[in-house]
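What the coordinates show
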Amino acid sequence: MGFKLAIDGPAASGKSTISAKLAKKLGWNHIDTGSMYRAVTLVALEKGINLEDESSYSFVKDLDIKYEKEKIFVNGKDVTKAIREPIVNENVSLVSSFPSVRKELVALQQKAAQHGDVIVDGRDIGTVVMPNADLKIFLIASVDERTKRRYLDFINAGKEVDLSKVKTDLEIRDQKDSTRKESPLIKASDAILLDTTDMSIEETIKSIIKLINNKRGE
Ligand code: CDP
């Protein structure tokens, strides 16, 4: 079966960075579910469909999403950078609010998480995708700290962005993700809250490894 670790939390709380580094360190699989919702959003934008119309997302079931060496490919095309563009950030919460889109992606995620030790990160992992996970972590950080982190992501990717716009975008996305009807962003009752506002990546990884070891020793 393997150890199943669920990591959820708001935008730019560090889920994907922490999960990727932790998976590398432990030699576990990592499933970044946010990248799947981003990929669907990118394809929807490229197709020029009416983003508000749930029935125009029938293409999702035929999408070929693959991960290779920290890159994501959709229908054979490398979209690793494109899915992080501001235009995708602005539309992904709408796209991920549709039950039929979620149904397709959750099925893919559950299948991918079936075997071995795995870290799955997202918004509904502890509540919907892996309700029986061995360990659930809800990762948070103050909105100013998260803004700083996401701003630096953009700068490091060579993009000029406005700090206050980054903050507003995060707040809007959190609001949409937390209040949607279908699988909202919410801490599972049995998840452990980890506030990383004043923690480095290394410190966060260390405390998660401790939590894993505690669980294993139970
Ligand atoms: O990296 P960041 O926290 O900015 O976002 P992400 O994890 O890549 O997720 C992007 C968006 O996908 C979120 O804002 C949600 O709208 C959606 N999402 C979701 O609905 N359910 C998930 N399990 C993961 C992401």
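Scroll up to find the structure.
So, here's what we can say about the structure. Quick caveat: nothing in here was measured; it's all calculated off a predicted structure.

The periodicity of an α-helix, 3.6 residues per turn, causes residues three or four positions apart to be oriented the same way. With 14 residues, helix α6 (residues 143–156) extends 20 Å between its outermost C-alpha atoms, agreeing within 8% with the 20 Å of an ideal straight helix rising 1.5 Å per residue. Residues of α6 that are buried: Glu145, Arg146, Thr147, Arg150 and Phe154. Summarising the contacts, the buried residues of α6 are in contact with α2 (33–47), α3 (86–95) and α7 (163–179). After α6 finishes, the residue glycine 158 shows a positive phi value of roughly 80 degrees.

This part takes up the pattern of salt bridges. One pass over the structure, following the stated rule, counts 20 salt bridges. Of the charged contacts in the structure, one is a salt bridge between lysine 24 and glutamate 70, with a shortest N-O distance of 3.4 Å. Residue lysine 24 is found in helix α1 (residues 15–26), and its partner glutamate 70 is found in the loop between β3 (65–68) and β4 (71–74); the two are separated by 46 residues along the sequence. Judged on exposure class, the residue lysine 24 and its partner glutamate 70 are both exposed. Glutamate 145 is paired through a salt bridge with arginine 149; the nearest N and O atoms lie 3.0 Å apart. Separated by 4 residues within a single helix, glutamate 145 and arginine 149 lie in helix α6, roughly one turn from each other. With relative accessibility at 17%, the residue glutamate 145 sits in the buried group. Each of the salt bridges in this network shares a partner with another, and the network as a whole consists of Glu90, Lys165 and Asp169.

Right, let's get into unusual backbone geometry. Within the chain, alanine 12 stands out as a residue other than glycine whose phi angle is a positive 60 degrees. Looking at where alanine 12 falls in the secondary structure, it is placed in the loop between β1 (4–8) and α1. Owing to a relative accessible area of 8%, alanine 12 belongs among the buried residues under this scheme. The backbone phi angle of asparagine 75 is positive, close to 50 degrees, even though this residue is not glycine.

Scoring rules and cut-offs
Residues numbered from 1 in each chain as written. Predicted model: local features only at pLDDT ≥ 70, side-chain atom pairs only at ≥ 80, totals over all residues. Heavy atoms only, no water. Helix = DSSP H or I, 4+ residues; strand = E, 2+ residues; numbered from the N terminus. Expected span 1.5 Å × (residues − 1). Buried < 20%, exposed > 50% of the residue type's maximum accessible area, 1.4 Å probe, protein only. Contact = heavy atoms within 4.5 Å. Salt bridge = Lys/Arg side-chain N within 4 Å of Asp/Glu carboxyl O.

Geometry only, nothing functional implied.
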